[in-house]
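# Observations on the three-dimensional arrangement
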Amino acid sequence: MTGDAAAAPRRRADDDASAPGRTVVLVDDHELIRQGLRRAFERAGDFVVAGEAGSVAEGRALVEETAPDVLVTDVRLPDGSGIDLAADVRRNRPQLGIVVLTMYSGDEHLLGALEAGASAFVNKDAPSDDVVAAARHAVAAPGSFSAADLAGAMQRRLSTPAGPALSPRETEVLVLLADGLSAGQIGRRLFISESTIKTHIGKIYDKLGAANRAQAVMTAVRLGLLTPGDDKP
């Protein structure tokens, strides 16, 4: 399930009251991934794709517009996190099945999806049929949670209460991010190229399950990786 990023206008399925199956909304900013998921759901025969979106805002609007049985969303979206989208729609739709997808390894996104009220979590490396199976689980038991390594993730969380481990360099970059510096400014401060700094920032976001600077800083403070004084020059 890979593809190139593309702008994704919201798209609805044609209205057809006689169409069989449960309805699903797909949210991912990669058009080829959405196409692959659409084909998998259409091939399954027991789902109808109600629409596709490429951002949190479009996905939220499409869920409100179509009231699907299942929402399938990627974690990383251009305007925020699919985990935040899951938490947002879950508040008003307790019967909605929610499947969260990610291409990143690590426990942060899995546990974040669990805490957000998702019904299932699937890695994008898994076969697309696994996503369909997760959607079936989400329809049958929207309030439960299914993930391939849930037990292992919970055990690792209990054994590492301090949260995700950042390297010394990542910690330096995180402190400077909290201070409001741009990637270029951080690079000049640490005598590292801007592209390397952006790589560090991406790894920090992945480890913290964050989609942007503000989320990363807030999560780091909550986990004790930053103290309030760390964001002062």
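Calculation rules
- Starting from 1, residues in each chain are numbered consecutively following that chain's sequence as written.
- Confidence filtering applies because this is a predicted model: local features only for residues at pLDDT of at least 70, side-chain atom pairs given and counted only at 80 or more, and all residues used for totals across whole chains, interfaces and linings.
- For side-chain calculations, the full set of non-hydrogen atoms in the structure is used, while hydrogens and water are omitted.
- Fitting a line to C-alpha atoms yields each axis, with helices limited to the stretch in contact; the angle taken between N-to-C directions then spans 0 to 180 degrees.
- Note on conventions: DSSP H or I runs of at least 4 residues are helices, E runs of at least 2 residues are strands, and numbering of each starts at the N terminus.
- Any angle between 65 and 115 degrees counts as roughly perpendicular, while under 35 counts as roughly parallel, over 145 as roughly antiparallel, and the rest as oblique.
- Should any heavy atoms of two residues lie within 4.5 Å, those residues are considered in contact.
- Should a side-chain nitrogen of Lys or Arg be within 4 Å of a carboxyl oxygen of Asp or Glu, the pair is scored as a salt bridge.
- Think of it in three bands: with a 1.4 Å probe and only protein chains considered, a residue is buried below 20% of the maximum accessible area for its type, exposed above 50%, and partly exposed in between.
- The pLDDT value expresses, per residue, how confident the predictor is, ranging between 0 and 100.
- For the purposes of these results, a polar contact is taken to be a pair of N or O atoms within 3.5 Å, where, inside protein, one atom must be able to donate a hydrogen and its partner to accept one; residues adjacent in sequence count only when each atom of the pair is a side-chain atom.
- Two strands form a pair only when DSSP identifies at least two bridges running between them.
- The rule is short: rings of Phe, Tyr and Trp, with Trp giving its six-membered ring, pair when the centres are within 6.5 Å, and they are stacked under 30 degrees, edge-to-face over 60, tilted in between.
- The term nonpolar core refers to a set of buried residues drawn from Ala, Val, Leu, Ile, Met, Phe, Trp, Tyr and Cys, joined through side-chain atoms within 4.5 Å.

## So, the packing of helix H8 (residues 183-190) against helix H9 (residues 194-208)
At a minimum axis separation of 8 Å, H8 and H9 run at an interaxial angle of 110 degrees. The angle between H8 and H9 places the two elements in the roughly perpendicular class. Note on element contacts: H9 touches H8 through Glu 194, Ile 197, Lys 198 and Ile 201, opposite Ala 183, Gly 184, Ile 186, Gly 187 and Leu 190.

## Observations regarding the pattern of salt bridges
Enumeration over the complete set of coordinates arrives at 15 salt bridges. Ionic pairing is found between Glu 52 and Arg 34, a salt bridge with its closest N-O pair at 3.2 Å. With a gap of 18 residues between them, Glu 52 in strand S3 (residues 47-53) and Arg 34 in helix H1 (residues 31-44) connect regions that are remote in the sequence. Comparing Glu 52 with Arg 34, the two get one shared label, buried. We note a salt bridge from Arg 76 to Asp 206, for which the minimum N-O separation is 2.6 Å. With Arg 76 in strand S5 (residues 76-77) and Asp 206 in helix H9, the pair connects residues that are 130 residues apart, well separated along the chain. Looking at Arg 76, the relative accessible area reads 23%, which means it is partly exposed.

## Some details on the confidence of the model for the chain
When pLDDT is averaged along the chain, the result is 85, and 85% of the positions lie at 70 or above. Across residues 2-9 the pLDDT falls below 50, and counting only partners more than four positions away or on other chains, this stretch makes 18 contacts in the model. The low-confidence segment residues 13-19, where pLDDT is below 50, has four contacts with residues more than four positions distant or belonging to other chains.

## Focus: helix H3 (residues 82-92)
Residues of H3 that are buried include every one of Gly 82, Ile 83, Leu 85, Ala 86, Asp 88, Val 89 and Arg 90, and no others. Its side-chain oxygen 3.0 Å from the backbone nitrogen of Ile 83, Ser 81 forms the N-cap of H3.

## Thoughts on the pairing of strand S4 (residues 70-74)
Among the five residues of S4, five are classified as buried, and the element is accordingly described as predominantly covered. Side chains of S4 alternate between two faces, with Val 70, Val 72 and Asp 74 and Leu 71 and Thr 73 buried alike. Pairing geometry for strand S2 (residues 22-27) and S4, over four bridges, is parallel. Across the sheet, Val 27 pairs through a bridge with Thr 73, a residue of S4. For S4 and strand S7 (residues 97-102), the ladder comprises five bridges, and the chain directions are parallel.

## Considerations on helix H10 (residues 213-222)
Residues of H10 that are buried: Gln 215, Ala 216, Val 217, Thr 219 and Ala 220. Contact partners of the buried residues in H10: strand S6 (80-81), H3, helix H7 (168-178) and H9. Among the residues trailing H10, Gly 224 stands out with phi positive, at a value near 85 degrees.

## Comments concerning unusual backbone geometry
A positive phi angle, near 45 degrees, is found at Ala 67, a position not held by glycine. Its location among the elements puts Ala 67 in the loop between helix H2 (56-66) and S4. Of note, Phe 191 is a non-glycine position whose phi angle comes to about 60 degrees, a positive value. Within the element layout of this structure, Phe 191 appears in the loop between H8 and H9.

## Re the packing of aromatic side chains
Summed over all chains, the structure comprises one aromatic pair. With a centroid separation of 5.1 Å and 80 degrees between ring planes, the pair formed by Phe 41 and Phe 47 is classed as edge-to-face. Each of the two residues, Phe 41 as well as Phe 47, counts as buried.

## A look at the pairing of S7
Burial analysis of S7 places six of its six residues in the buried class, the great majority of the element. Bridge count for S7 against strand S8 (residues 120-123) is four bridges, and the pairing is parallel. Looking at S8, one finds that Val 99 is bridged to Ala 120.

## Observations regarding the nonpolar core
Formed by 26 residues in total, the largest nonpolar core has its most connected members in Leu 71, Ile 98 and Val 100. Among the secondary structure elements, those contributing two or more residues to this core are S2, S3, H2, H3, S7 and helix H4 (107-116). Excluding residues within four positions of it along the chain, Leu 71 makes contact with Val 25, Val 27, Val 63, Leu 85, Val 89, Leu 96, Gly 97, Ile 98 and Val 99. Ile 192, Ile 201, Leu 208 and Ala 210 belong to the second-largest nonpolar core, a separate cluster that totals 21 residues.

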